[in-house]
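Residue-level listing of the chains:
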Amino acid sequence: MKVATAAYNLDWLDSWAQYEDKLDRWVSNAARQGAELLVFPEYGAMELSTLDGVEVAGDLERSIHAVSDRMEDVRNLHQRLAQEYKAYILGASAPVVDGPGRPVNRAAFYAPDGKQDHQDKQIMTRFERESWDIAPGGPLKLFDTALGKIGVLICYDSEFPLLGRALSEADLVLVPSCTEALSGYWRVRIGAMSRSLESQCVTVMSSLVGANEWSEAVDMNTGTGGVFGPPDKGFPATGVLAEGTLNQPGWTYAEVDMSAIASVRSDGHVLNRTHWDEQSPRVDSVTISAL
């Protein structure tokens, strides 16, 4: 199958129709290239705060709630696009108020048959904890689809191996990201590639890109799209199936051979996924005297 992963730039929006047109363009462009799975990045929905004006978009707390208030319309739009273009779509994540507590960071997953579910971020970055006050959400999920089993690790979550291990049955792990600096992009990319190595699966990383002076939340973003596999039989020696151009908006495409995933898991040069349980948690403390 063909995967499309986004390096997605935010726009200032003067009307909901502008947003509809933008999303339709992005999805139709990927569908015309034959993509069956489309992956948008973390916090890509923050551009919706501009629909409430400069003061709201520029205020961290007000922008969070402005975006959350529009998520029902966002769901309806993505469901229509997934059905129209016959594609699975991981929508850009958004801060979502779901109950009496603080907002969670949620990415919705849409199927071509109109069904949808979501994945919440598990572990918050310092900025999300200390400035946004975003809360951890519901548990990790494994989506069983016609394309294969798919999991989602939102940005920082990809840097934690036990979260990756919880999704070890996934054929593909989607990693939507939002990183301010090049170092942040590489932390998430290294995490995505590490999860691919450990679980012998394919990881698909999307990125928010570009500068947005109107926002306190997503004012500067660095990254690109990338698709990674284990550096083993049936995959590139580098583990890189595809990567975009840094900070250039657009789709990055990759052909993913699902049989290669099954093959490397059963008969790879190494069997990381199978040998996970052989790790010993014990560490002995040894003192070596100076000569």
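Structure's up top.
Read on for an overview of the structure. Note that this is a predicted model, so its numbers are computed, not measured.

**Observations regarding the pattern of salt bridges**
Pairing of side chains with opposite charge becomes possible as their charged atoms draw close.
Thinking step 1. Scanning the model with the defined rule gives 19 salt bridges in all.
Thinking step 2. The residue Arg-195 makes a salt bridge to Glu-198 at a minimum N-O spacing of 2.8 Å. Here Arg-195 and its partner Glu-198 are both found in helix α7 (residues 182-199), three residues apart, which amounts to about one turn of the helix. Each member of the pair, Arg-195 as well as Glu-198, is classed as buried.
Thinking step 3. A salt bridge links Asp-267 to Lys-233; the nearest nitrogen and oxygen atoms lie 3.3 Å apart. Residue Asp-267 is found in helix α8 (residues 258-267), and its partner Lys-233 is found in the loop between β12 (226-228) and β13 (240-243); the two are separated by 34 residues along the sequence.
Thinking step 4. Look at Lys-233 and you get partly exposed, because its relative accessible area is 33%.
Thinking step 5. Residues joined in a network through salt bridges with shared partners are Asp-11, Lys-22 and Glu-47.

**A few points about the packing of aromatic side chains**
Thinking step 1. If you walk through the whole model with that rule in mind, you get 13 aromatic pairs.
Thinking step 2. Consider the rings of Tyr-156 and Phe-160, whose centres lie 4.9 Å apart with planes at 85 degrees: the pair is edge-to-face.
Thinking step 3. Their ring planes at 75 degrees and their centres at 5.5 Å tell us that Tyr-185 and Trp-186 sit as a pair that is edge-to-face.
Thinking step 4. A relative accessible area of 38% means that Trp-186 is categorised as partly exposed.
Thinking step 5. Taken together, the aromatic side chains of Tyr-8, Trp-26, Phe-40 and Trp-251 make up a single cluster linked through ring pairs.
Thinking step 6. Here the basic side chain of Lys-2 rests over the ring of Tyr-253, its NZ or CZ set 5.5 Å away from the ring centre.

**Considering the packing of helix α1 (residues 16-32) against helix α4 (residues 71-84)**
Thinking step 1. For the pair α1 and α4, interaxial distance at closest approach is 11 Å and the crossing angle is 30 degrees. As judged from the angle between their axes, α1 and α4 are roughly parallel. Crossing handedness for the pair α1 and α4: right-handed. Side by side, α1 and α4 meet where Trp-16, Tyr-19, Glu-20, Leu-23, Asp-24 and Val-27 of the first sit next to Asp-73, Val-74, Leu-77, His-78, Arg-80, Leu-81 and Glu-84 of the second.
Thinking step 2. Here the residues of the contact of α1 with α4 are counted per class, giving seven nonpolar, one polar and five charged.

**What to know about the pairing of strand β6 (residues 116-120)**
Thinking step 1. By the bridge criterion, five bridges tie strand β5 (residues 104-110) to β6 in an arrangement that is antiparallel. Residue Phe-109 lies in a different strand from β6, and its bridge partner there is Asp-117.
Thinking step 2. Here β5 hands over to β6 after five residues, with Gly-114 in that stretch at a positive phi of 95 degrees.

**Some remarks on the side chain of Ser-158**
Thinking step 1. Residue position: Ser-158 is located in the loop between β8 (148-152) and α6 (161-166).
Thinking step 2. Excluding residues within four positions of it along the chain, Ser-158 makes contact with Leu-153, Val-175, Val-188, Gly-191, Ala-192 and Arg-195.

**Quick look at the side chain of Thr-222**
Thinking step 1. Mapped onto the elements of the fold, Thr-222 is located in the loop between β11 (220-221) and β12.
Thinking step 2. For Thr-222, a relative accessible area of 10% puts it in the buried group.
Thinking step 3. A distance of 2.9 Å separates the side chain of Thr-222 from the backbone oxygen of Glu-180, its partner in a polar contact.
Thinking step 4. Setting aside residues up to four positions removed in sequence, Thr-222 forms contacts with Thr-179, Glu-180, Ala-181, Leu-182, Tyr-185, Leu-208, Leu-246 and Asn-247.

**Let's talk about α7**
Thinking step 1. Here α7 spans 26 Å end to end across 18 residues, near enough to the 26 Å set by a 1.5 Å rise per residue.
Thinking step 2. For α7, the complete set of buried residues consists of Gly-184, Tyr-185, Val-188, Arg-189, Gly-191, Ala-192, Arg-195, Ser-196, Glu-198 and Ser-199.
Thinking step 3. In this structure, the buried side of α7 is in contact with α6, β9 (172-177), β10 (202-211), β12, β13 and α8.
Thinking step 4. One or two positions beyond α7, positive phi appears at Gln-200, with a value near 50 degrees.

**What about the pairing of β8?**
Thinking step 1. Judged by how many residues are buried, β8 sits mostly within the fold: four of five residues are covered.
Thinking step 2. Sheet topology note: the β8/β9 ladder contains three bridges and is parallel. Bridge assignment links Ile-150 to a residue of β9, and that residue is Leu-172.
Thinking step 3. Between β8 and its parallel partner β9, the chain crosses via α6, and the hand of that crossover is right-handed.

**Focus: unusual backbone geometry**
Trans peptide bonds make up the majority, and among non-glycine residues the majority have a negative phi.
Thinking step 1. In this structure, Lys-86 is a non-glycine residue whose phi angle is positive, near 55 degrees.
Thinking step 2. On the basis of relative accessibility, which here comes to 64%, the residue Lys-86 falls in the exposed class.
Thinking step 3. Located in the positive-phi region is Asp-133, a residue other than glycine, with phi close to 60 degrees.
Thinking step 4. With respect to the helices and strands, the residue Asp-133 is situated in the loop between α5 (126-132) and β7 (142-145).

Rules of the game
- Residues numbered from 1 in each chain as written.
- Predicted model: local features only at pLDDT ≥ 70, side-chain atom pairs only at ≥ 80, totals over all residues.
- Heavy atoms only, no water.
- Salt bridge = Lys/Arg side-chain N within 4 Å of Asp/Glu carboxyl O.
- Helix = DSSP H or I, 4+ residues; strand = E, 2+ residues; numbered from the N terminus.
- Buried < 20%, exposed > 50% of the residue type's maximum accessible area, 1.4 Å probe, protein only.
- Phe/Tyr/Trp six-rings, centres within 6.5 Å; stacked < 30°, edge-to-face > 60°.
- Lys NZ or Arg CZ within 6 Å of the ring centre and 35° of its normal.
- Axes fitted to C-alpha atoms, helices over the stretch in contact; angles between N-to-C directions.
- Parallel < 35°, antiparallel > 145°, perpendicular 65-115°, else oblique.
- Left-handed = near helix turned anticlockwise from the far one by under 90°.
- Contact = heavy atoms within 4.5 Å.
- Nonpolar A, V, L, I, M, F, W, Y, C, P; charged D, E, K, R; others polar.
- Pairing = 2+ DSSP bridges.
- Polar contact = N/O pair within 3.5 Å; in protein donor to acceptor, adjacent residues only side chain to side chain.
- Expected span 1.5 Å × (residues − 1).
- Right-handed = clockwise from strand over helix to strand, strands pointing away.

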